[in-house]
Amino acid sequence: MKVTSADIVISAVKPEQYPNEPIPEFALAGRSNVGKSSFINKMINRKNLARTSSKPGKTQTLNFYIINDMLHFVDVPGYGYAKVSKTERAAWGKMIETYFTNREQLKAALLIVDLRHPPTKDDIMMYDFFKHYDLPVIVVATKADKIPKGKWQKHLKVTRETLDMAKEDETIVFSGETGQGKDEAWGLLKKYM
Ligand SMILES: Nc1nc2c(ncn2[C@@H]2O[C@H](COP(=O)(O)OP(=O)(O)O)[C@@H](O)[C@H]2O)c(=O)[nH]1
Ligand SMILES: [Mg+2]
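The sections below set out a description of the structure shown in this document.

Cut-offs used in this document
Residues numbered from 1 in each chain as written. Chains lettered and ligands numbered in written order. Predicted model: local features only at pLDDT ≥ 70, side-chain atom pairs only at ≥ 80, totals over all residues. Heavy atoms only, no water. Helix = DSSP H or I, 4+ residues; strand = E, 2+ residues; numbered from the N terminus. Rg over C-alpha atoms; globule rule 2.2 N^0.38 Å. Buried < 20%, exposed > 50% of the residue type's maximum accessible area, 1.4 Å probe, protein only. Contact = heavy atoms within 4.5 Å. Axes fitted to C-alpha atoms, helices over the stretch in contact; angles between N-to-C directions. Parallel < 35°, antiparallel > 145°, perpendicular 65-115°, else oblique. Nonpolar A, V, L, I, M, F, W, Y, C, P; charged D, E, K, R; others polar. Near = heavy atom within 4 Å. Polar contact = N/O pair within 3.5 Å; in protein donor to acceptor, adjacent residues only side chain to side chain. Areas by Shrake-Rupley, 256 points an atom, 1.4 Å probe, with all protein chains shown as cover.

**Looking at the overall build of the protein**
Counting secondary structure elements, the protein contains five helices and seven strands. Helices and strands appear in the protein in the N-to-C order β-β-α-β-β-α-β-α-β-α-β-α. For the protein, whose C-alpha radius of gyration is 15 Å, the value lies close to the compact-globule estimate of 16 Å for 193 residues. Taken along the three principal axes of its C-alpha coordinates, the protein extends 45 × 40 × 30 Å. Within the protein, the fraction of its 193 residues that count as buried is 49%. Here the contacts in the protein between residues at least 6 apart in sequence split such that 76% fall between residues at least 24 apart.

**Looking at the packing of helix H1 (residues 36-43) against helix H5 (residues 182-191)**
Two quantities define a packed helix pair, namely the angle between the helix axes and the distance between the axes. Two numbers describe how H1 lies on H5: the axes approach to 10 Å, and their chain directions differ by 85°. Of the possible angle classes, the one that applies to H1 and H5 is roughly perpendicular. Residues Phe39, Lys42 and Met43 of H1 touch H5, and the partners they reach there are Lys182, Ala185, Trp186 and Leu189. Its residues assigned to classes, the contact of H1 with H5 comprises five nonpolar, no polar and two charged.

**Section: the site of ligand 1**
Within the structure, ligand 1 sits among 17 residues, and Asn33, Lys36, Ser38, Asp145 and Gly176 are positioned closest to it. At 2.9 Å from an oxygen atom of ligand 1 is found a main-chain nitrogen or oxygen belonging to glycine 35. Between ligand 1 and the protein, one listed contact pairs an oxygen atom with a side-chain N or O atom of serine 37 at 2.9 Å. Here ligand 1 has 570 Å² of accessible area as a free molecule, and 80% of this is covered by the chains. If you tally residues by element for the shell around ligand 1, the top one is H1, at three residues. Its residues placed into classes, the shell around ligand 1 shows one nonpolar, ten polar and six charged.

So this is what it looks like as structure tokens:
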């Protein structure tokens, strides 16, 4: 996919703010700091359109990006950050549930996990949530640059097994640093568009 344009559309907190275009949409879910924003930036060849940060738990909005006027990426606020109040956690849950269960344009969820480590309890919960709502999930195992290539398949197997992934759900080994997996990711997304 040749990306010729990419822009932020809106940072939304409620459905009235979601863009109305009937174009395919893909949402990025994952732990805070796992590499969701870096995934978007790498996919669209932009250094910092999606805000990346080493301070987790900051973004509490759904950030919609439009690519080539033909699809949306939605950067979803991360989970698993300890220093979040009960109230904030509840607000997050409500926003996530509202978005993922009512969005017609949504073609698949991209669950971003860290290839180096087994998925967390929260990752498993997120995966199960998507399956419960019959949403296709693509698991993107990122930060691959941080472990030797010879170990990727072994780690990927742990990822699939820990999430107890359905056979039909795909995984991609990715790196927001090197761009590993980028073409494969675009190839998969095209299948859903
Ligand atoms: N080495 C490496 N670092 C990454 C990768 N993806 C993200 N990071 C770093 O991890 C931190 C969090 O990334 P970010 O994209 O902001 O995570 P988000 O909170 O999920 O959006 C940043 O310091 C990134 O530079 C990757 O694939 N490889
Ligand atoms: Mg982010």
